[in-house]
Amino acid sequence: MIAPAQGPQLQHVGLNLLDSDEMEPGEAATGLYGFWLFLMSDAILFALLFAIYGTQVAATAGAPGPQETLKLGPTFIETLILLTSSLTFGLAAIALKYDEGRRGLVLWLCVTLALGIAFLGFELSDLRTMVSDGATPNRSGFLSAFFALVPTHGLHVAAGCLWIGVMLVQIAVFGTDARVKLNLLKLGLFWHLLDIVWIAIFSVVYLQGASA
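Only a predicted model underlies this, so the values are computations on that prediction, with no experimental measurement involved. (Residues numbered from 1 in each chain as written. Predicted model: local features only at pLDDT ≥ 70, side-chain atom pairs only at ≥ 80, totals over all residues. Heavy atoms only, no water.)

Colleague: I'd love a proper account of the overall build of the chain, names of residues and values included.
Modeller: A tally of helices and strands in the chain yields six helices and zero strands. Mapped from its N terminus to its C terminus, the chain presents α and β elements in the order α-α-α-α-α-α. Here the contacts in the chain between residues at least 6 apart in sequence split such that 81% fall between residues at least 24 apart. When the accessible area of the chain is evaluated, it comes to approximately 11300 Å², of which 68% is carbon and sulfur surface. (Helix = DSSP H or I, 4+ residues; strand = E, 2+ residues; numbered from the N terminus. Contact = heavy atoms within 4.5 Å. Areas by Shrake-Rupley, 256 points an atom, 1.4 Å probe, with all protein chains shown as cover.)

Colleague: Go over the packing of helix H4 (residues 103–132) against helix H5 (residues 141–174) with me, naming the residues and quoting the values.
Modeller: Remark: H4 packs on H5, axes separated minimally by 10 Å, with the N-to-C direction vectors making an angle of 155°. Here H4 lies roughly antiparallel to H5, going by the angle between them. In this structure, the crossing between H4 and H5 has a hand that is left-handed. Broken down by class, the residue content of the contact of H4 with H5 amounts to 22 nonpolar, four polar and one charged. (Axes fitted to C-alpha atoms, helices over the stretch in contact; angles between N-to-C directions. Parallel < 35°, antiparallel > 145°, perpendicular 65-115°, else oblique. Left-handed = near helix turned anticlockwise from the far one by under 90°. Nonpolar A, V, L, I, M, F, W, Y, C, P; charged D, E, K, R; others polar.)

Colleague: If you had to explain the UniProt feature "transmembrane region" (unreviewed entry) in the chain to someone new, which residues and values would you point to?
Modeller: Mapped onto this numbering, the UniProt entry annotates "transmembrane region" (unreviewed entry) at residues 33–55, 75–96, 105–122, 142–175 and 187–207. Helix makes up 100% of residues 33–55 and strand makes up 0%, while its end C-alpha atoms are separated by 33 Å. Counting secondary structure, residues 142–175 comes out at 97% helix and 0% strand; the distance between its end C-alpha atoms is 48 Å. (UniProt positions renumbered as here; feature names shortened; annotations may be inferred.)

Colleague: Can you lay out the packing of aromatic side chains for me, pointing to particular residues and giving the numbers?
Modeller: Going through the model one piece at a time under the given rule, you end up with ten aromatic pairs. For the ring pair Phe38 and Phe190, a centre distance of 6.5 Å and an interplane angle of 25° mean the geometry is stacked. Of this pair, Phe38 sits in helix H1 (residues 25–56) while Phe190 sits in helix H6 (residues 178–211), placing them 152 residues apart in sequence. Ring plane angle 45° and centroid distance 6.0 Å describe the contact between Trp198 and Tyr206, whose orientation is recorded as tilted. Grouping aromatic residues by their ring pairs yields a cluster made of Tyr53, Phe119, Phe142, Phe146, Phe147, Trp198 and Tyr206. Directly above the aromatic system of Tyr98 lies the positively charged group of Lys97, at a separation of 5.6 Å from the ring centroid. (Phe/Tyr/Trp six-rings, centres within 6.5 Å; stacked < 30°, edge-to-face > 60°. Lys NZ or Arg CZ within 6 Å of the ring centre and 35° of its normal.)

Colleague: Break down a nonpolar patch on the surface for me, citing the residues and quoting the values.
Modeller: A cluster of nonpolar side chains, Val169, Val173 and Phe174, forms an exposed patch at the surface whose accessible area comes to about 320 Å². Note on placement: Phe174 falls in helix H5. With a relative accessible area of 55%, Phe174 lands in the exposed category. (Patch = residues over 30% accessible without salt bridge, like charges linked within 9 Å, V, L, I, M, F, W, Y side chains within 5 Å. Salt bridge = Lys/Arg side-chain N within 4 Å of Asp/Glu carboxyl O. Buried < 20%, exposed > 50% of the residue type's maximum accessible area, 1.4 Å probe, protein only.)

Colleague: Could you give an account of H4, naming the residues involved and the relevant values?
Modeller: Across its 30 residues, H4 extends 43 Å between first and last C-alpha, which sits within 8% of the 44 Å expected from 1.5 Å per residue. Once H4 ends, the next one or two residues include Gly134, with phi positive near 90°. (Expected span 1.5 Å × (residues − 1).)

Colleague: Let's hear about the environment of Leu149: which residues, and what values?
Modeller: Examined against the element boundaries, Leu149 turns out to sit in helix H5. Excluding its chain neighbours within four sequence positions, the residues that come into contact with Leu149 are Phe46, Leu49, Phe50, Tyr53, Ile201 and Val205.

Colleague: Break down the environment of Pro66 for me, with residues and values.
Modeller: Mapped onto the secondary structure, Pro66 falls in helix H2 (residues 66–69). According to the relative accessible area criterion, Pro66 is buried, its value standing at 11%. Note: C-alpha distance between Pro66 and Leu207 (141 residues apart in sequence) is 9.8 Å. Leaving out residues up to four positions away in the same chain, Pro66 has contacts with Val57, Thr60, Phe142 and Gly209.

Colleague: So what's going on with the packing of helix H3 (residues 72–98) against H4? Residues and values would help.
Modeller: Packing of H3 against H4 brings their axes to within 8 Å, and their N-to-C directions diverge by 165°. Accordingly, the angle class assigned to the pair H3 and H4 is roughly antiparallel. In the packing of H3 onto H4, the handedness of the crossing is left-handed. For the contact of H3 with H4, the class distribution of residues is 17 nonpolar, six polar and three charged.

Colleague: Outline the environment of Pro137, listing residues and values.
Modeller: Position of Pro137 among the secondary structure elements: in the loop between H4 and H5. Put simply, Pro137 and Ala148 are eleven residues apart on the chain and 8.5 Å apart in space, counted from C-alpha to C-alpha. Ignoring sequence-local partners within four residues, the contact set of Pro137 consists of Leu143, Ser144 and Phe147.

This is the structure in structure tokens:
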């Protein structure tokens, strides 16, 4: 009696480790579980910063408030840039799975890195404009909470850009072995979390602040 053929095994778009001798599946699962714990702790950090901002948004103390300091135009451009970077990272993950060479993967990672740097440039320009207009963190509770929340996200984006640079070096040195794929998967989870947090910042801080 011939056993029925098994269907293709579902695998993550960028992590094909089950048939690899380089890493046990349990080892990969443990690494991802630990990274998920880190992401959840990071999400709690941002939740606390959002809660602080919510309690301080009206505490202007005579200093410039949300309507005077928050600009929707540049922030909308930043949002488009960061969301596009999420798309390009997804294309990098697809290239990792289907492209036998590494040119597609490296190309989309470089595009993602360029978009991340562009986002940081726009954000630094906005913060510098606020400071030059006298909207500094020591002026009010609102400004203190704002400078605690938004630049913290920017620091995470900067860390993500540095991580992409490290991964480009690892790809050049080690290729796309199992550990590099696992690191790319972790980086993807981190990068997409930053997009989710920024959507919350754009909605809660900028959209509500400009319409208040």
